[in-house]
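Examination of the molecular architecture
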Amino acid sequence: MPASPSAAPAPFPTPALLPVDLSVIIPIYNEEANIPTLYERLRGVLDPMGLRYEFIFINDGSRDKSLQLVQTLALRDERVRFIDFSRNFGHQIAVTAGLDLSVGEAVVIIDADLQDPPELIVPLYQKLREGYEVVYAKRRSRQGESAAKKLTAKLFYRILASITNISIPVDTGDFRIISRKVVDALKQMPEQNKFIRGQISWIGYRQTYIEYDRAERAGGETGYTYRKMIRLALDGITGFSDAPLKAATIGGFLVSGVAFMVMLYTLYARFVSGDYQPGWASLMVSILFLGGVQLIAVGIIGEYIARLSANVRQRPLYIISDTNITPPPAH
Ligand code: UDP
Ligand code: MG
């Protein structure tokens, strides 16, 4: 026990001293409106389960009071652990850091905005105990999201499912429970461009799901801009499929084939039939079309090369500016 009330709280015991049954990983980006309710609801669910658990909040460069709120919780409750990033590294990296530093036998990944209902942790955990290594939560419906977001999400999950050679479940985010085995496997996957739900599918083992209705965001605003969503979608596709590269090749052949026919026809018209027009329109159309196709193909290659070079650079995935997790992380 600390000698005086002002002494710093005892550091969280290391895993050897205290086994943890469940780690709850919560990425945080400007979630001050949700953190207090989230904490209360999580405790309301976890305390009756009678488990030894820890919370890992990852502050992903929030510009509001999220960090202070989490730090205050950590002073009151030693199961609250936090990682404060030096800047915004993105949701997938925040989850990765949480996985790296978690010690639980099972790990839940959950959004901070209460769109993923904490109450679902009970059935997720039960299923895991039945002998599954992964139980993911599949969205039966989504509320409070724009028609555009729902449509793009729906399309994305289906395109991804059709072009990858592993089966990535549709309409499923990162809300799930995974066993320590799966966490250890994830830690061995060094890619820089994380698409965690794809990686977990790739890992295999016995996986199952339960369905739920996705609620509206409780407070605050989405941190997932269209830019971030497109990046995630491209990471998912490039990380798990070469289909776009192949499509570029096939498209290139098709377009060249058509261009070759047109060329033959042009030569024929110019030298044999003599029946040719100044032809400005057709010239413009074919130049623009070919130019467009080439740029798309080069762009696709560029997406892959950008990811290749990110992996060659081998930078650390994230920089931690502060944490109450001991011993200091090595990742
Ligand atoms: N988040 C994050 N970094 C970001 C964006 C989001 O850690 O750059 C967190 C956010 O605080 C939330 C979760 O990731 O806990 C999901 O984000 P959000 O709810 O904004 O996404 P949406 O549900 O709108 O897809
Ligand atoms: Mg959300």
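This structure is a prediction, so every number in the text was calculated from the model and none was measured.

Some points on the site of ligand 1
- Near ligand 1 there are 17 residues, and of these Pro27, Tyr29, Ala112, Thr222 and Gly223 occur at the shortest range.
- Contributing elements (two or more residues each) for the shell around ligand 1: strand 1 (22–28) and helix 3 (91–101).
- A per-class count over the shell around ligand 1 returns 6 nonpolar, 6 polar and 5 charged.

Remarks on the UniProt feature "transmembrane region" (unreviewed entry) in the chain
- In this structure's numbering, the residues bearing the UniProt feature "transmembrane region" (unreviewed entry) are residues 247–268 and 280–306.
- Taken end to end, residues 247–268 is 100% helix and 0% strand, and its two terminal C-alpha atoms sit 32 Å from one another.

Brief notes about the environment of Asp322
- Relative to the assigned elements, Asp322 resides in strand 8 (residues 320–323).
- Residue Asp322 is classed as exposed on the basis of its C-beta count, with 12 C-beta atoms lying within 10 Å.
- Sequence-wise, Asp322 and Ser86 are 236 residues apart; in three dimensions their C-alpha atoms are separated by 8.2 Å.

Topic: the UniProt feature "domain: Glycosyltransferase 2-like" (unreviewed entry) in the chain
- The positions that UniProt labels "domain: Glycosyltransferase 2-like" (unreviewed entry) are, in the present scheme, residues 23–185.
- With 40% helix and 25% strand, residues 23–185 has its two end C-alpha atoms placed 17 Å apart.

A few points about the sheet that holds strand 7 (residues 207–214)
- Here we have 8 strands laid out as an open sheet, ordered 7-5-6-4-1-2-3-8, and mixed in their pairing. Looking at the sheet topology across the chains shown, the edges are occupied by strand 7 and strand 8. Strand-to-strand, the axes of this sheet are offset by a mean angle of 20°, without reference to chain direction.
- The sheet contact formed by strand 1 and strand 2 (residues 53–59) spans 7 bridges and is parallel. Its bridge partner being in strand 2, Ile26 is matched across the sheet by Phe57.
- Across the sheet, helix 6 (residues 180–187) touches strand 4 (106–109), strand 5 (134–142) and strand 6 (172–179), and the angle it forms with strand 6 is around 115°.
- Strand contacts of helix 7 (residues 196–203): strand 5 and strand 6, with the helix running at about 45° to strand 6, the strand carrying the most contacts.

What about the pairing of strand 6?
- In terms of residue burial, strand 6 counts as a mostly covered element, since 6 of its 8 residues are buried.
- Across 4 bridges, strand 4 lies against strand 6 in antiparallel orientation. Looking across to strand 6, one finds that Val107 is bridged to Ile178.
- Where strand 5 lies against strand 6, 4 bridges are found, and the strand directions are antiparallel. Paired with Lys138 across the two strands is Thr172, which belongs to strand 6.

Description of helix 9 (residues 243–273)
- For helix 9, which comprises 31 residues, the first-to-last C-alpha distance of 43 Å matches the rise-based estimate of 45 Å (1.5 Å per residue) to within 8%.
- Sparse coverage of helix 9 is indicated by the burial of 1 of its 31 residues.
- One or two steps after helix 9, the chain reaches Gly274, where phi turns positive at roughly 70°.

Looking at unusual backbone geometry
- Positioned with a positive phi, Leu114 is a non-glycine residue whose angle comes to about 65°.
- The exposure class assigned to Leu114 is partly exposed, which follows from the 19 C-beta atoms found within 10 Å.
- Phi is positive for Tyr205, which is not a glycine, with a value near 65°.

Looking at the confidence of the model for the chain
- Across the chain, the average pLDDT comes to 87, with 92% of residues at 70 or higher.
- Below a pLDDT of 50 lies the segment residues 1–8, which in the model reaches 2 contacts outside its immediate sequence neighbourhood of four places, other chains included.
- Overall fold confidence for the complex sits at a pTM of 0.79, while the interface term, ipTM, reaches 0.96.

Concerning the packing of helix 1 (residues 35–46) against helix 2 (residues 66–76)
- Viewed as axis vectors pointing N to C, helix 1 and helix 2 meet at an angle of 35°, and their least axial separation amounts to 10 Å. Contact residues: helix 1 offers Ile35, Pro36 and Tyr39, while helix 2 offers Ser66, Leu69, Val70 and Leu73.
- Here the contact of helix 1 with helix 2 is composed, by residue class, of 6 nonpolar, 1 polar and no charged.

Digging into the environment of Trp202
- Relative to the elements of secondary structure, Trp202 occurs in helix 7.
- Residue Trp202 is classed as partly exposed on the basis of its 18 C-beta neighbours within 10 Å.
- Sequence separation between Trp202 and Asn165 is 37 residues, and the spatial gap between their C-alpha atoms is 9.4 Å.

Basis of the calculations
Residues numbered from 1 in each chain as written. Chains lettered and ligands numbered in written order. Predicted model: local features only at pLDDT ≥ 70, side-chain atom pairs only at ≥ 80, totals over all residues. Near = placed C-beta within 6 Å. Helix = DSSP H or I, 4+ residues; strand = E, 2+ residues; numbered from the N terminus. Nonpolar A, V, L, I, M, F, W, Y, C, P; charged D, E, K, R; others polar. UniProt positions renumbered as here; feature names shortened; annotations may be inferred. Buried ≥ 20, exposed ≤ 12 C-beta atoms within 10 Å, placed from the backbone. Pairing = 2+ DSSP bridges. Axes fitted to C-alpha atoms, helices over the stretch in contact; angles between N-to-C directions. Contact = placed C-beta atoms within 7 Å. Expected span 1.5 Å × (residues − 1). pLDDT = per-residue confidence, 0-100.

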